[in-house]
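Per-entry structural report
Now for the letters of each chain:
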Amino acid sequence: MRKLMIPVLVIALALMLMSLFVIPEGERGIVVRFGRVLKDNNEITRIYEPGLHFKMPMFDRVQRLDALIQTMDGRSDRFVTSEKKDVIIDSYVKWRIEDFGRYYLATGGGNAMQAEALLERKVTDVLRSEIGSREIKQIISGPSDKSKELADGVEDELANEAALKALEIDGERDQIMQEVLDDTRKSALKDLGVRVVDFRIKKINLPDEISESIYRRMRAERESVARKFRSQGREKAEVIRAQAELEVATILAEADKTARVTRGEADATAAKIYADAYNQDPEFFSLLRSLKAYKKSFSSKNDILVLDPKSEFFQYMNQASGAPAK
């Protein structure tokens, strides 16, 4: 009897240990019995929370599934816009398991790699549809209200026009991400049992051949704007230069007129002074003028004058009285 008790206890202990299982924190468990997921009376998959649980030994198999939010960092893929131009988009998806039973069946036994492959296909299909209905300029983010205020504050008409033209780009990048998130969330929950928490576009690139053509077009547009600014600057410079030359000519004319008037008035005053002095004493005035002429004529020792000594020029030298020579 004692010999039988030991094997029975060992078997009982083994069966008890086989009937116990533990679900770690951050995971959920489902029990598969004879290839079918165990459900409750309401035909809802029975989910085992973290902790210690029991199962039927030998018949039940526990499948642990990750209940945390997971990140699917998708590879860069090429999409075609409505302009028939290619763009390369890099994105990521945040997701977690919502319906563990459906997820288990849809992914072939809870295969996370297969789940991400199916989810990536759904995201790519929706994103391809959204990108295909928009132009390249609509895929980028739109202008902010602050940018519009800055454009409104530009005083120069040409610069304001260029800024407003740039702000006309209706950026729909946020709208694209939201629509992809909404559409994918519905289909993923229905088909895979997972909830898409978030979808984001990380980076948008262009193929090298398209990038070069776009850069050339952007360069041509910027050069066109620059030419307009230069032309406007040259026009304003010519106007300013013409106004300055007109002002200079006006100032010079007024100055010359004033100088001529002043010079004429001075000559008239000088002539009047000379006339008054001559009328007061003509003989003295004649003597003074002769002395000035002598001073200028004999200022240098090398000066030579060939004149008649009895000429009128030497009248005050020939006679002490100053009377003219006869």
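Preceding block: the structure.
To keep things clear, this report deals only with the structure shown in the data block. (Residues numbered from 1 in each chain as written. Predicted model: local features only at pLDDT ≥ 70, side-chain atom pairs only at ≥ 80, totals over all residues. Heavy atoms only, no water.)

With that out of the way, let us pick up the nonpolar core. In this structure, Trp95, Leu119, Leu127, Ile131 and Phe199 are the most contacted members of the largest nonpolar core, which totals 34 residues. Ranked by the residues each element gives to this core, the list is headed by helix H3 (residues 112–132), at six residues. Beyond its immediate chain neighbours, meaning those up to four positions away, Leu119 contacts Met72, Val93, Trp95, Thr184, Ala188, Leu192 and Val196. (Core = buried A, V, L, I, M, F, W, Y, C linked by side-chain atoms within 4.5 Å. Buried < 20%, exposed > 50% of the residue type's maximum accessible area, 1.4 Å probe, protein only. Helix = DSSP H or I, 4+ residues; strand = E, 2+ residues; numbered from the N terminus. Contact = heavy atoms within 4.5 Å.)

Looking now at the layout of surface pockets. Taken as a whole, the second largest pocket holds about 300 Å³ of empty space. If you trace the second largest pocket, you find 13 residues lining it, with Arg36, Val37, Leu38, Lys39 and Glu43 closest to the centre. Contributing elements (two or more residues each) for the lining of the second largest pocket: strand E3 (36–37) and helix H2 (100–106). If one sorts the elements of the lining of the second largest pocket by residue count, H2 sits on top with three residues. (1 Å grid on protein atoms, 1.4 Å probe; cavity = no way out; pocket = protein on both sides within 12 Å on 5 of 7 lines; lining within 4 Å. Points joined across faces, edges and corners; volume = space filled by probe spheres on them.)

So, on to the environment of Ser211. Within the element layout of this structure, Ser211 appears in helix H8 (residues 208–280). With 124 residues separating them in the primary sequence, Ser211 and Val87 have C-alpha atoms 9.7 Å apart.

Ordered in space as E3-E2-E5, the three strands form an open sheet in which the pairing is antiparallel. Looking along the sheet, the strands with just one partner apiece sit at the ends: E3 and strand E5 (60–66). Here seven bridges tie strand E2 (residues 27–33) to E5, and the two strands are oriented antiparallel to one another. Bridge pairing in E5 places Gly29 opposite Arg64. (Pairing = 2+ DSSP bridges.)

On to unusual backbone geometry. Keep in mind that most residues, glycine aside, have a negative phi and that most peptide bonds are trans. Unlike most non-glycine residues, Lys84 shows phi in positive territory, near 65°. Its place among the elements puts Lys84 in the loop between strand E7 (77–80) and strand E8 (86–97).

Turning our attention to the pattern of salt bridges. This model, assessed by the stated rule, comprises 17 salt bridges. As a salt-bridge pair, Asp256 and Arg260 come within 2.8 Å of each other at their nearest N and O atoms. You can see Asp256 and its partner Arg260 sitting in helix H8, four residues apart, about one turn around the helix. In this structure Asp256 comes out as partly exposed when scored by relative accessible area, which is 38%. Through salt bridges that share partners, Glu130, Arg134, Glu172 and Glu179 make up one connected network. (Salt bridge = Lys/Arg side-chain N within 4 Å of Asp/Glu carboxyl O.)

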